[in-house]
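Analysis of the macromolecular model
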Amino acid sequence: MAKSSASDFVLRPFEGLPGEPDWVAFREIVPAATATARTVKEHGGRDVVVVTMLPGGYAAMNRPDGTVLLAVQGALSSGDLSRDLAGALLEALDAEPGTAIVAKPSEGPRLQDVLDPTVPFEVTIQDDYEFWADATAERTAEIDAALEEAADSTIPTRRLTSVEHAYWCRMNKEFLRWARTEDEDALVDALARLHAKRESALKLDDGEGRFLGMFRAAGLVVPVWELPAGTEAADVETPAAQLDARLAAALKITAPLDANERRARAGIVSRQVTLR
């Protein structure tokens, strides 16, 4: 992983962190979730709750109970998201309890310098935004109304357990979005090999999850499958594991693509999706 200066644009800002694809998912596709992190001893060895978002678009918060929250979503404007998030985190760690931190560009260290790489990024999907609230503080009608309004607009999302970094969601339809760390060209070739053999779908008990295409997020490729109406997250667990095995096998193939596979690849590249 190359070092970056404060002025560099970093394509993969979360590269080198435990659970990089889940960091990307927090940034791009998951509405409400929390995860575990801890700063290195140099920065206090403090536990941190990484969250998808905070009220008001704040980048971080030192809650009145002293819990430090770091939000991955938000309007950060420099070329290195990791550096901006680290700046917000360090500011929150030094702030008085009850302080919210506004997102802004940073010229300090990056998350890779601030967070302990031995601490797993353990994700918990949330159905609401109760993690914003301080359990020891008085709850007002305004706070309850804000939390209820936020929860009502949340897209139902689940993280699969049979494979890593794959997220089921229900919008107008059900979809699976799967953040991958492989080189983009290698992954597209592998998907093309499967697609040419009609093996790129999720093979469900009551139909197939159709491979739609992919989008790019924080330097990673995120393939997307459209699922049959009413498909629950549990229905996708075994098919996803089976597809993961087919993908792993296809990724090991080094022979050039044949004519059918090249046509499949061209089709995949031409239908980039924007489904976040």
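Quick notes on the rules
- Residues numbered from 1 in each chain as written.
- Predicted model: local features only at pLDDT ≥ 70, side-chain atom pairs only at ≥ 80, totals over all residues.
- Heavy atoms only, no water.
- Pairing = 2+ DSSP bridges.
- Helix = DSSP H or I, 4+ residues; strand = E, 2+ residues; numbered from the N terminus.
- Axes fitted to C-alpha atoms, helices over the stretch in contact; angles between N-to-C directions.
- Salt bridge = Lys/Arg side-chain N within 4 Å of Asp/Glu carboxyl O.
- Buried < 20%, exposed > 50% of the residue type's maximum accessible area, 1.4 Å probe, protein only.
- Phe/Tyr/Trp six-rings, centres within 6.5 Å; stacked < 30°, edge-to-face > 60°.
- Lys NZ or Arg CZ within 6 Å of the ring centre and 35° of its normal.

**Quick look at the sheet that holds strand S9 (residues 174–178)**
The pairing of strands in a sheet happens through backbone hydrogen bonds and is either parallel or antiparallel. Read across the sheet, 6 strands follow the order S7-S8-S9-S12-S11-S10 without closing on themselves; strand pairing throughout is antiparallel. Unpaired on one side and paired on the other, strand S7 (157–159) and strand S10 (202–204) mark the two borders of the sheet. Pairwise comparison of adjacent strand axes, ignoring direction, gives a mean angle of 25° for this sheet. Relative to strand S8 (residues 166–170), S7 runs antiparallel, the two being bridged by 3 bridges.

**Here we look at the pattern of salt bridges**
Here the structure, examined in full by the defined rule, presents 21 salt bridges. Here Asp127 ties to Arg158 by a salt bridge, and the two come within 3.1 Å at their closest N and O atoms. Taken together, the residues span a long stretch of sequence, with Asp127 in the loop between strand S6 (123–125) and helix H4 (141–152) and Arg158 in strand S7 at a distance of 31 residues. Of the residues examined, Asp127 reaches a relative accessible area of 53% and is grouped as exposed. Among the residues examined, Arg158 registers a relative accessible area of 34% and is labelled partly exposed. Lys203 serves as the salt-bridge partner of Glu208, at 3.8 Å between the closest nitrogen and oxygen. A single network of salt bridges, built from pairs that share partners, joins Asp22, Arg159 and Glu164.

**Description of the packing of aromatic side chains**
In this structure the tally under the stated criterion is 8 aromatic pairs. Considering the side-chain rings of Phe131 and Trp132, the 6.3 Å spacing of their centres and the 80° angle between planes classify their relative orientation as edge-to-face. Classification of Phe131 by relative accessible area gives buried; the value is 11%. Residue classification places Trp132 among the buried positions, given a relative accessible area of 15%. Site record: aromatic cluster; members linked through ring pairs are Phe14, Trp23, Phe26 and Phe121. Its guanidinium or amino end placed over the ring of Trp178, Arg180 lies 4.8 Å from that ring's centre, counting from NZ or CZ.

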